[in-house]
Amino acid sequence: MKSNFGFKGWMVILFTLFIYMFTCTAPDTLNVSVTAFAQAFGWDSNQMLMFSAIGGFAGIAVSWILGMIIAKWGVKIPTIIFFAIFAVVWILYGRSSSFVMYGASVVAATAVSNSLNLVSTQQIMSNWFPRKKGIALGWATVGTCLSSAIMVAVFQRMFGKHGISAPFYLMAVIFVIMIVVMLVWFKAYPEEAGAYPDNEPLSEEEKQKNMELIHNYKSEFTLGRLFKTKEMWFLALIFGFVALGLVAVISQMVPRLTAVGLDQNMAILWLTIASIIGIPASVFWGFVDQAIGTMKTVRIFCVLWTLMLVVSALGSGIVNVPISVISVVFYAVLLGGMMNLMPSAIIQVFGRYDFAQANKIIMPLVIGIRSCAFLIVPMMLAAAGADVNGGFRNAFIICTVLSLIATVLSFVLKSDCIGKNTED
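Conventions adopted
- Residues numbered from 1 in each chain as written.
- Predicted model: local features only at pLDDT ≥ 70, side-chain atom pairs only at ≥ 80, totals over all residues.
- Heavy atoms only, no water.
- Core = buried A, V, L, I, M, F, W, Y, C linked by side-chain atoms within 4.5 Å.
- Buried < 20%, exposed > 50% of the residue type's maximum accessible area, 1.4 Å probe, protein only.
- Helix = DSSP H or I, 4+ residues; strand = E, 2+ residues; numbered from the N terminus.
- Contact = heavy atoms within 4.5 Å.
- Salt bridge = Lys/Arg side-chain N within 4 Å of Asp/Glu carboxyl O.
- Axes fitted to C-alpha atoms, helices over the stretch in contact; angles between N-to-C directions.
- Parallel < 35°, antiparallel > 145°, perpendicular 65-115°, else oblique.
- Nonpolar A, V, L, I, M, F, W, Y, C, P; charged D, E, K, R; others polar.
- Phe/Tyr/Trp six-rings, centres within 6.5 Å; stacked < 30°, edge-to-face > 60°.
- Lys NZ or Arg CZ within 6 Å of the ring centre and 35° of its normal.
- Lys, Arg positive; Asp, Glu negative; His and termini not counted.

Next up on the list: the nonpolar core. For soluble globular proteins, the rule of thumb is that nonpolar side chains tend to be buried together. Membership of the largest hydrophobic core comes to 139 residues, with the highest contact counts inside it found for Trp90, Phe239, Phe350 and Ile362. The greatest single-element share of this core, amounting to 23 residues, is contributed by helix α15 (residues 321-371). With residues up to four places along the chain from it excluded, the contact list for Trp90 reads Phe22, Thr25, Ala26, Phe155, Phe168, Met171, Ala172 and Phe175.

Moving on, we get to the pattern of salt bridges. Across all of its chains, the model carries 2 salt bridges by this definition. One salt bridge in this structure joins Glu220 and Arg225, with 3.7 Å as the shortest N-O distance. Overall, Glu220 belongs to the exposed group, its relative accessible area being 60%. Using a relative accessible area of 36% as the deciding quantity, one classes Arg225 as partly exposed. A salt bridge links Lys230 to Glu231; the shortest N-O distance between them is 3.6 Å. Relative accessible area serves as the criterion here: at 52%, Lys230 is assigned to the exposed category.

Turning our attention to the packing of helix α6 (residues 133-140) against helix α13 (residues 264-292). Close contact between α6 and α13 brings their axes to 7 Å; oriented N to C, the two are set at 175°. In terms of their interaxial angle, α6 and α13 are classed as roughly antiparallel. In this structure, α6 uses Lys133, Gly134, Ile135, Leu137, Gly138 and Trp139 to contact α13, whose residues at the interface are Ser282, Val283, Gly286, Phe287, Asp289 and Gln290. Looking at the contact of α6 with α13 residue by residue, the classes come out as 5 nonpolar, 5 polar and 2 charged.

With the rule as written, the count across this model stands at 35 aromatic pairs. Stacked on the ring of Trp73, the Lys or Arg Lys72 has its end atom at 5.4 Å from the ring centre. The cationic tip of Arg225 hangs over the ring face of Phe221; the distance from NZ or CZ to the ring centre is 4.1 Å.

Our next topic: the side chain of Asp354. For Asp354, the position within the fold is in helix α15. Among buried Asp, Glu, Lys and Arg side chains, Asp354 stands out as unpaired, with Arg225 the closest opposite charge at 7.2 Å. Those residues within four positions of Asp354 in sequence are excluded, and the remaining contacts are Tyr217, Ser219, Glu220, Phe221, Gly419 and Lys420.

So this is what it looks like as structure tokens:
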């Protein structure tokens, strides 16, 4: 299946790419921002990481609220409101001069970032590309790689040249621009923009039927029914455990590489290289998804993700630079797959019209599970004391066990759609 999304479809993919990119900036730049604040104010970096865990758990409630509002009112206005909140949070983040203010800013930034990154983006892509979801998400999730490829280096450079507040003010300006673009141009559904889902032509009768469904459809998946649906739990656990490993790897990649012997500049360079590798890899996973089916791709991905975590644990365990670098490249090849397979699998199981109802429960669960990484990593580092590499090794062993559980669940989960799709 080709990437013939039409001009309007491509513009939506590009805009979603930027949402992915700039919402991922909050967790990705922890690689350098934690060190910058710790050096500037003399704070303990392990204690600082705990705020990201608190923010992740706060994100459970925040993402649930955003999901509930989107399910009821649509994706556009709630996302604009959250963009505005995020812009204010970035300003406060950059102005943090006390430990309490820093902590509150990180908690808010993490909660809002998670919600936008995992709820708004996925709803937009579900609305516009219900059948070509794999390829479309493959292109859009390139933004996650661009965040670590570009924004970590931007933050590091601006810290040195313009002071600790500068990159945070830049992010506030970016989200103000995103608000304007979404207000003036963005349409939540292709039918509202005079286009078609997946850019596949529909008759006027079919288009009218879609619009009626969009505005009048009431999902049969009540909260009670969702909590009794095993597919919902399988999806939450599979992607929650995988996402936990992702956060553990990416948020402390630079400190991990410096611990095995690289200097900080070289570690940041490898993070950038890995992210650049992830750009074509993200598109590749999208095409694999579309070619062989979502669930088969999820199973392959989970197996490879578990192997990547094994290599990461080995690199830190024996304090080996080449193996650690190989694990970073391995991670880069898989990064895009994680971000596009998660929404693709939910769309596959629940369909276009029940996606919002299911996603508002699955995403808070995923956010809660993955936020445990911000507890596991600092706890393992603290327990290891001076043996920093041993702390990272132990953290990756825990992530490996959870990824193995996710792999088993992926083979149990069936690919049948139990919700309502466009062709129903």
